[in-house]
Amino acid sequence: MWAAVSRACNRRVLFWFAATICVVSIGSVAAGLAPLALKRLVDAISSGSTPAATMVWPPAAYGLALLLQRLGEQLQAYCYGRGELALIRRFNVSAFEHLLRLPLIVHLDARPGALAQTLAEGVLGLRLILTHLVVTLLPVLVQLAVAGLVVSAELGADTLLILVAALIAYTGVFAVGVRRLDKPARGVSAASIAAAGALSDSLINVEALKSFVA
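Here we summarise the structure given alongside this text. If you're wondering where the values come from, they're calculated on a predicted model, not measured in any experiment.

## Quick notes on the state of the cysteines
This model, assessed by the stated rule, comprises zero disulfides. With no disulfide of its own, Cys22 lies 9.2 Å from the sulfur of Cys79, the closest cysteine sulfur. The class for Cys22 is partly exposed, based on a relative accessible area of 48%.

## What about the packing of aromatic side chains?
As enumerated under the stated definition, the model contains three aromatic pairs in all. With a centroid separation of 5.2 Å and 70 degrees between ring planes, the pair formed by Phe15 and Trp16 is classed as edge-to-face. In this structure Phe15 comes out as exposed when scored by relative accessible area, which is 52%. Looking at Trp16, the relative accessible area reads 13%, which means it is buried. Here Trp16 and Tyr78 contribute two aromatic rings whose centre-to-centre distance is 5.7 Å and whose plane-to-plane angle is 85 degrees, an arrangement assigned as edge-to-face. Taken together, the residues span a long stretch of sequence, with Trp16 in helix H2 (residues 11-47) and Tyr78 in helix H3 (residues 57-101) at a distance of 62 residues.

## Quick look at the nonpolar core
Within the largest apolar cluster, 11 residues are counted, these being Val13, Phe17, Tyr80, Ala86, Leu87, Ile88, Phe91, Val123, Leu126, Leu130 and Val134. For this core, the element with the most residues is H3, which contributes five residues. Apart from the residues lying within four places of it in its own chain, the contact partners of Val123 are Ile88, Phe91 and Asn92.

## Looking at a nonpolar patch on the surface
On the surface, a nonpolar cluster with roughly 520 Å² of combined accessible area is contributed by Ile26, Leu64, Leu67, Leu68, Leu71 and Leu75. Broken down by element, the nonpolar patch gets its largest block of residues, five residues, from H3. Among the secondary structure elements, Ile26 is positioned in helix H2. The exposure class of Ile26 is partly exposed, given its relative accessible area of 48%.

Conventions adopted
- Residues numbered from 1 in each chain as written.
- Predicted model: local features only at pLDDT ≥ 70, side-chain atom pairs only at ≥ 80, totals over all residues.
- Heavy atoms only, no water.
- Disulfide = S-S within 2.5 Å.
- Buried < 20%, exposed > 50% of the residue type's maximum accessible area, 1.4 Å probe, protein only.
- Phe/Tyr/Trp six-rings, centres within 6.5 Å; stacked < 30°, edge-to-face > 60°.
- Helix = DSSP H or I, 4+ residues; strand = E, 2+ residues; numbered from the N terminus.
- Core = buried A, V, L, I, M, F, W, Y, C linked by side-chain atoms within 4.5 Å.
- Contact = heavy atoms within 4.5 Å.
- Patch = residues over 30% accessible without salt bridge, like charges linked within 9 Å, V, L, I, M, F, W, Y side chains within 5 Å.
- Areas by Shrake-Rupley, 256 points an atom, 1.4 Å probe, with all protein chains shown as cover.
- Salt bridge = Lys/Arg side-chain N within 4 Å of Asp/Glu carboxyl O.

Here you go:
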């Protein structure tokens, strides 16, 4: 599957995914810095001794962080959608060309509809992987990096070590859960492909069965 994905990645696909990564990174950095900007704003208001000339910067920084965060959320959906659709379209073409190059015995042995369901399962899996990598994992990593820098600067290295230890423990638990779900997920995919093949085979032969029953 990954060979087909690499063949499907042309300049247009890479451009949109690069734009998505840039937009997600900017929005995630802004989301991580927004609480710090809000803290500076509250400190400036509560102190009462901040000069009026410098009082403009904390609310401006907080507003800019919120603006970049909202723009990042909106633009990432657009850029990611364009890139995903272009990649899936080229992936489908590449997979169909591969099916046409298969020997005849493969098509004769496979149940009708099984190959189409296999392709659909591959496309679904590719979309899930891309979504989790670009839309879920990347923003979390960027925000965690920004949060680590903020925590280290504001609360010290000890608090940062506690945060890192908690993240490592969470990553270990998540990895164990994913490995446990791997086998059931493969079983569900195989059962779905077999069910689609059985359904297509039944629909194709339903008239012949009716003639024998009649």
